[in-house]
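Spelled out, the chains give:
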Amino acid sequence: MTASTRVRHVLAGAAATGLLAGAAALGTAGAAEAAPASAPASATAYADGHHDRCTWQQGHWQKYWVKGHWEKQWHKGHRSDHRAWVPGHYDRHGTWQLGHWSHHDRWQRGHWVNVYVPGHWDTHWVKGHWNCHHR
């Protein structure tokens with residue numbers, strides 16, 4: 001879609017240039033016949049139109065400030081060594097079994113977390129465009 005827009009801009013510029021040249025030629029021919037000292041007002045008004053004030057601005061990266069804000073971030077899952085204390089107990093023979101630490105390797109699921117992101121500079125791409133200065 002960008003290419004078709006560029007083609008249209010180029011064609012419009014070429015057409016405007018052709019019209020300017022044609023209007024100037026007609027204006028000078030008409031002025032030469034009617035009054036050699038003055039140019040027609042329509043030709044000078046068109047030559048002073050907006051086509052001479054438009055310039056093509058190339059695309060570029062632009063830096064801008066982003067205020068601090070809250071955003072959701074995904075914390076991916078991971079394996080963790082879950083330590084748990086197993087308290088002492090009497091077994092079925094009536095013997096006391098001491099408590100001990102139990103290690104269970106288990107999967108912690110991923111989850112969304114709200115985090116505060118402080119203000120920072122960021123960049124974004126500004127596409128090329130026609131810039132017409134108004135006087």
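What counts as what
Each residue is numbered by its place in its chain's sequence as written, counting from 1. Reporting in this predicted model follows two pLDDT cut-offs: at least 70 for local features of residues, and 80 or more for side-chain atom pairs to be given and counted; totals over whole chains, interfaces and linings ignore these cut-offs and use all residues. No hydrogens and no water enter the side-chain calculation; it runs on all heavy atoms of the structure. Pairing of aromatic rings covers Phe, Tyr and Trp, the last counted by its six-membered ring, and requires centre-to-centre distances within 6.5 Å; plane angles under 30 degrees mean stacked, over 60 mean edge-to-face, and any other angle means tilted. Helix numbers and strand numbers start at the N terminus; a helix is a DSSP run of H or I with at least 4 residues, a strand a run of E with at least 2. Summary of the burial criterion: residues with accessible area below 20% of their type's maximum are buried, those above 50% are exposed, and those between are partly exposed, where the area comes from a 1.4 Å probe applied to protein chains only. Ring-over charges, as used throughout, are those where CZ of Arg or NZ of Lys falls within 6 Å of the ring centre and within 35 degrees of the ring normal. Disulfides are defined as pairs of cysteine sulfur atoms found within 2.5 Å of each other.

Quick rundown of the packing of aromatic side chains? Include the residues and the values.
All chains considered together, the criterion is met by seven aromatic pairs. A centroid spacing of 5.4 Å and a plane angle of 70 degrees characterise the contact between Trp-65 and Trp-121, whose relative ring orientation is edge-to-face. Of the two residues, Trp-65 sits in strand S2 (residues 60-66) while Trp-121 sits in strand S9 (residues 120-126), which places them 56 residues apart along the sequence. In this structure Trp-121 comes out as exposed when scored by relative accessible area, which is 52%. Considering the side-chain rings of Trp-70 and Tyr-116, the 5.4 Å spacing of their centres and the 65 degrees angle between planes classify their relative orientation as edge-to-face. Here Trp-70 is found in strand S3 (residues 69-75), whereas its partner Tyr-116 is found in strand S8 (residues 111-117), with 46 residues between them in sequence. Of the residues examined, Tyr-116 reaches a relative accessible area of 45% and is grouped as partly exposed. Looking at Lys-63, its charged tip hangs above the ring of Trp-121, at a distance of 5.2 Å from the centre.

Could you give me a rundown of the state of the cysteines, with the residues and numbers involved?
Put plainly, two cysteines are in a disulfide when a covalent bond ties their sulfur atoms together. According to the stated counting rule, one finds one disulfide in the structure shown. Two residues share a disulfide in this structure: Cys-54 and Cys-132, whose sulfurs sit 1.9 Å from each other. Between Cys-54 and Cys-132 the disulfide shows an S-S torsion of about 100 degrees. By sign, it is right-handed. Within this pair, whereas Cys-54 is found in strand S1 (residues 54-57), its partner Cys-132 is found in strand S10 (residues 129-132), the two being separated by 78 residues in sequence. With a relative accessible area of 27%, Cys-132 lands in the partly exposed category.

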